There are 2 protein chains.
Amino acid sequence: MGIVVVGSVAFDDVITPFGKNLNAPGGSATFFSLSASYFTKVKLVAVVGNDFPKKYIRLLEKKGVDTEGLRIEKGKTFRWKGRYSWDLNTAETLKLQLNLFQDFSPELPEDYRDEDMLFLANIDPDLQLKVLKQVHSPKLIAADTIDYWIEHKRKSLLKVLKKIDILIINEAEARKLTKESNLCKAGKRIISYGPGSVVIKKGEHGVMLVSKEGIFAYPAFPLDDVCDPTGAGDTFAGGFLGYLSGLKSINEAAIRRALVYGNIMASFNVEGYDIKVLSKLNRAKIDKRVKAFRRVCSF
Amino acid sequence: MGIVVVGSVAFDDVITPFGKNLNAPGGSATFFSLSASYFTKVKLVAVVGNDFPKKYIRLLEKKGVDTEGLRIEKGKTFRWKGRYSWDLNTAETLKLQLNLFQDFSPELPEDYRDEDMLFLANIDPDLQLKVLKQVHSPKLIAADTIDYWIEHKRKSLLKVLKKIDILIINEAEARKLTKESNLCKAGKRIISYGPGSVVIKKGEHGVMLVSKEGIFAYPAFPLDDVCDPTGAGDTFAGGFLGYLSGLKSINEAAIRRALVYGNIMASFNVEGYDIKVLSKLNRAKIDKRVKAFRRVCSF
């Protein structure tokens, strides 16, 4: 099995209470691809400008990521500048330069269209719908979204939700999408919009999955030092879906384990700036932390 | 074994986004005692005025709580009025009438002083120190505190911390006490102040225990309907310490299970106003939810 991801490859300028990290590699598809690459074959669809360093693309390729779907165009790469609060729980966008991403219209290479799994990272829901028309019949489709689309493209987003299996969203977005303060109820309402399951990411508080079968919830892996939360959500999604994609069949026990792998991948990612930790992992390190996590929350 | 609790028995006037609950029975020692009564023998030390309905005291006695240490004095009972935010995560104090509680000076009845366990609920750290002088040598001493004492009685509070085994505190208080935003680090710093362990309560996000042996973390029990969070923290402490108090010996596995029992007791408490749910439980209902919780977070 393999997984196609459609999203952004970008530059991030990040300010945390502890320091700055400018001109860093980022974007939803970057974090997702790197994270998922430890478990499965990833096929990447995104666009960058010719200002984007080739070394990052080579890094992805070295991790086995198929970059046939990554278009390199003349112009500037998407850039996000943000600042985190003192407890690293919220990010304020200081500047957003869409650049080439403004006219991004994802086109899947022919051999991507038969892939088993698809992850629609946070992009305009109208583009997510466009991608959905190109794939043949993936066994599992997951999507992410953000505040902005919930507010400005609700109608298109609801169309996307009818066509996907799993929505991966953060706590505040789940509340905003459903106008429901209780997360269990918010999760159930999202399921009524279409997806069989919804994963609610709660940052330092872990993750919750709501499905027709019930609710699973896990704390985050406890960390003494969080450096940079940028990309944690996409790294989670990469670990979660990447792990599932690497399996022969998916059942409840597999989904529970996959959530834990997502959790653990995110915990690695936030320990360093941008993709620094994520690019130097191996399966043994990952499995070791999964084992440590079992010690944290079993009783 | 048994446990002595020193704290408040009070009236609460509570406003939630869904309704009002006025003249309700409340106070840290009330929630703690009721919760712990399902697991152990509780001895209560507090003060109320002669305006406090006898039926609530009879209810505590019916649950096996020893009320010899509950003084009933001429005058008015402590009263708290508060309003919860739309997501029930924060409470704003609208009015605080200390009344008789202002001159509360806890005196433990003679037969309380030899008890195995002691819980110092949230009261002035100087009074907590006074209680500590009265007890002989409990096997386990736990304490709670709040913002106000961290700000105004830091010196006395640090003296308390040197004499106790477990501090039970919420997330914001842990951060405030240590001036440390990372909760793992905050927990470790608190341990350096004296207690062997610190339990950090995170409301809807569950609970975390930091000790020299490591970190345990659990999500909260997922609930569709939260009615009134008042007393959840003390109900947690009652379940946690009550469960430990009911055991012959305490080891790591017991502490992990005790945290889950605390979690589950709090989950019951928030489902109804004041002590409504808490007063009508039984051990079978509690154990059933512990079992359901295992399904929520095992993998």
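For the structure, see preceding data.
To start, this report covers the structure provided alongside it. (Residues numbered from 1 in each chain as written. Chains lettered and ligands numbered in written order. Predicted model: local features only at pLDDT ≥ 70, side-chain atom pairs only at ≥ 80, totals over all residues. Heavy atoms only, no water.)

1. Topic: helix H1 (residues 28-36) of chain B
Let me state the cut-off plainly: In this scheme, a residue with accessible area under 20% of its type's maximum is buried, one over 50% is exposed, and one in between is partly exposed, where area comes from a 1.4 Å probe on protein chains only. Helix numbering and strand numbering both begin at the N terminus, where a helix is a DSSP run of H or I of at least 4 residues and a strand a DSSP run of E of at least 2.
Counting buried positions along H1 of chain B gives 9 out of 9 residues, so the element sits mostly inside the fold. Burial in H1 of chain B covers these residues: Ser28, Ala29, Thr30, Phe31, Phe32, Ser33, Leu34, Ser35 and Ala36 of chain B.

2. Brief notes about helix H6 (residues 171-178) of chain B
Residues and elements named next belong to chain B. Put simply, the test is: Contact between two residues is taken to exist if any of their heavy atoms lie within 4.5 Å; hydrogens are not considered. Two N or O atoms form a polar contact when they lie within 3.5 Å of each other; inside protein one atom must be a possible hydrogen donor and the other a possible acceptor, and for residues adjacent in sequence the pair counts only when both atoms belong to side chains.
Here H6 lies mainly inside the structure; 6 of its 8 residues are buried. Every buried residue belonging to H6 is among Glu171, Glu173, Ala174, Arg175, Leu177 and Thr178, and all of these are buried. As for H6, its buried residues are in contact with strand E9 (140-144), helix H4 (147-152), helix H5 (154-163), strand E10 (166-170), helix H7 (183-193) and strand E11 (197-201). For H6, the side-chain oxygen to backbone nitrogen distance between the N-cap and alanine 172 is 3.0 Å, and the N-cap itself is asparagine 170. Where H6 terminates, the next one or two residues include lysine 179, which has phi positive at roughly 55°.

3. Concerning the relation of the copies chain B and chain A
Put simply, the rule reads: Here the copies are superposed with least squares, the fitted atoms being C-alpha atoms of residues at a pLDDT of at least 70 in both.
Superposition of chain B onto chain A requires a rotation of 180° combined with a translation of 0.0 Å along the rotation axis, giving an RMSD of 0.0 Å. Here the symmetry operator amounts to a two-fold rotation axis. Same-surface contact between copies: 100% of interface residues of chain B are shared with the interface of chain A.

4. Here's the deal with the packing of aromatic side chains
Each aromatic ring pair is characterised by the separation of its centres together with the angle its planes make. To keep it simple, the criterion reads: Classification of ring pairs rests on two measures: the distance between centres of Phe, Tyr or Trp rings, Trp counted by its six-membered ring, which must be within 6.5 Å, and the angle between planes, read as stacked under 30 degrees, edge-to-face over 60 and tilted in between. Counted as over-ring charges are cases with an Arg CZ or a Lys NZ within 6 Å of the ring centre that also lie within 35 degrees of the ring normal.
As enumerated under the stated definition, the model contains 26 aromatic pairs over all chains in all. Between phenylalanine 78 of chain B and phenylalanine 101 of chain B, the ring centres sit 5.0 Å apart and the planes meet at 10°, which makes this aromatic pair stacked. Of this pair, phenylalanine 78 of chain B sits in the loop between strand E5 (70-73) and strand E6 (79-84) while phenylalanine 101 of chain B sits in the loop between strand E7 (91-97) and strand E8 (117-120); the two residues are 23 residues apart in sequence, bridging distant segments of the chain. In this structure, phenylalanine 78 of chain B and phenylalanine 101 of chain B share a single accessibility class: buried. Ring pairs connect the aromatic residues Phe11, Phe52 and Tyr56 of chain A, which therefore count as one cluster. Arginine 256 of chain B extends its terminal NZ or CZ atom over the ring of phenylalanine 216 of chain B, reaching a point 3.8 Å from the ring centre. The ring of phenylalanine 268 of chain B is capped by arginine 289 of chain B, whose NZ or CZ atom sits 4.0 Å from the centre of that ring.

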